[in-house]
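Geometric and topological summary
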Amino acid sequence: MTDAKVKRLLAAGYGSGRDENYQAWIRIRRKLSSPVSNLHCMTSPVYTRSLNLLSGLEHAAANVALWLGCNEIREQHPFWPWDHPHPGTGRHPDLDRSFSHAPGLLEIAKSAGIKHGVYPGTNVPFVATIDFTLSTGMWASSSLVHWSCKPWAVLNEAANRERILERIEMERLYSAAVGARHVLVDGRLFSAHLIGQLDWFRPLRSEMLNPAIVGPIREFSEHFMCVAADSLSIAKHFAAQKAKVPDHLVEVIFRTAAWLGYIDLDFSRPIVMSRPLRRDENKLKRSLSMALLGVEHA
């Protein structure tokens with residue numbers, strides 16, 4: 001890494017933009033590999049662009065963030081070493097005026113007595129990234145939440161544990177400086193079973209924009225919930241008949257309706273189509289939203 005290369009990446013838009021136009025600082029490419037992590041390019045209901053995810057925990061966390069209703073996800077989001085525009089800017093000039101500049105991570109690290117770090121073999125300050133910068137709430141008054149994703153086992157057993165904790169502390173201090181909520185996501189709040197089913201039910205952006213799918217979804221859901229004591233298969237068939245849904249769209253409408261919460265489905269337990277609906281009686285979605293986003297539901 002050199003200063004010139006950093007400037008070229010900045011000029012190309014790496015690490016900048018909002019919503020659909022955001023470009024991750026670290027992107028999944030053919031030459032990018034990791035001996036310890038699983039890399040994912042993930043589709044989502046909110047963007048046509050894919051999410052660049054560098055580990056299995058990030059993949060799990062992205063599924064949860066989308067399911068909880070975050071209205072924006074910026075993955076591999078830079079905490080620039082130098083002073084820079086606040087991460088809340090970039091959506092509208094009138095809104096941008098309400099934000100002050102954000103301090104550089106170099107300054108934050110120095111004040112905390114933590115070594116910031118440089119790229120190996122250089123004196124170029126390392127561009128640190130937070131795993132996720134999330135937005136919740138109404139578009140014009142949304143709140144920022146930062147997620148640092150580190151598996152519980154790594155936090156407790158890694159040889160470089162002290163440095164990992166220093167990095168997380170820098171991320172926490174940066175979040176405080178810009179008025180964002182910081183959350184350490186270690187994977188203990190959600191199971192592999194939950195993530196597998198969220199991954200299965202997660203709709204595509206093209207499906208969310210398809211009138212043939214979103215048009216009848218509320219009516220379909222209302223009819224479905226009326227006969228939820230029957231098996232899921234029978235309830236789907238009944239709802240499709242009542243809402244006049246063609247056969248080839250029944251499954252995608254069912255999945256999308258459950259993902260959006262119109263059908264109250266407990267994703268934490270096995271979903272068996274020959275059995276009745278199991279509702280989210282333990283309010284898992286609400287509790288995860290409070291713990292990870294600080295709101296009852298995004």
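1. Some remarks on helix 11 (residues 232-243)
In this model, helix 11 (twelve residues) spans 16 Å end to end at C-alpha, consistent with the 16 Å of a helix rising 1.5 Å per residue. Of all the positions in helix 11, only Leu232, Ala235, Lys236, Ala239, Ala240 and Ala243 are classed as buried. Projected onto a plane normal to the axis of helix 11, the buried residues spread over an arc of 130° and lie on a single side. Structural note: helix 11 exposes His237 and Gln241 on the side pointing more than 90 degrees away from its buried face. Residues of helix 11 that are buried in the fold lie against helix 10 (217-226) and helix 12 (247-260).

2. As for the state of the cysteines
Applying the stated criterion to the full structure yields zero disulfides. Here Cys70 is not disulfide-linked; the sulfur of Cys149 is the nearest cysteine sulfur, at 12 Å. The exposure class assigned to Cys70 is buried, which follows from its relative accessible area of 3%. Overall, the relative accessible area of 6% leaves Cys149 in the buried class.

3. Looking at the packing of aromatic side chains
Under the criterion given, the structure shown has eleven aromatic pairs. Here the aromatic rings of Trp25 and Trp80 are separated by 5.2 Å at their centres, their planes lie at 90°, and the arrangement is edge-to-face. Here the residue Trp25 occupies a position in the loop between helix 1 (3-11) and strand 1 (40-42), and Trp80 occupies one in the loop between strand 3 (72-79) and helix 3 (93-96), the gap between them amounting to 55 residues. Neither residue differs from the other here; Trp25 and Trp80 are each classed as buried. For the pair Phe79 and Tyr174, a centre-to-centre distance of 3.9 Å together with 20° between the ring planes defines the contact as stacked. Residue Phe79 is found in strand 3, and its partner Tyr174 is found in helix 6 (residues 161-177); the two are separated by 95 residues along the sequence.

4. Brief notes about the pairing of strand 3
Most of strand 3 is tucked away: eight of the eight residues are buried. Two strands pair when backbone bridges link them, and strand 3 and strand 4 (residues 128-136) are joined in this way by seven bridges, in the antiparallel orientation. Following the sheet pairing, Glu75 is matched in strand 4 by Phe132.

5. Points about unusual backbone geometry
The backbone of Lys244 sits at a positive phi, close to 60°, despite the residue not being glycine. Checked against the element boundaries, Lys244 lands in the loop between helix 11 and helix 12. A positive phi angle, near 55°, is found at Lys283, a position not held by glycine. Tracing the chain through its elements places Lys283 in the loop between helix 12 and helix 13 (284-293). A relative accessible area of 41% means that Lys283 is categorised as partly exposed.

Rules behind the numbers
- Residues numbered from 1 in each chain as written.
- Predicted model: local features only at pLDDT ≥ 70, side-chain atom pairs only at ≥ 80, totals over all residues.
- Heavy atoms only, no water.
- Helix = DSSP H or I, 4+ residues; strand = E, 2+ residues; numbered from the N terminus.
- Expected span 1.5 Å × (residues − 1).
- Buried < 20%, exposed > 50% of the residue type's maximum accessible area, 1.4 Å probe, protein only.
- Arc of directions from axis to C-beta.
- Contact = heavy atoms within 4.5 Å.
- Disulfide = S-S within 2.5 Å.
- Phe/Tyr/Trp six-rings, centres within 6.5 Å; stacked < 30°, edge-to-face > 60°.
- Pairing = 2+ DSSP bridges.

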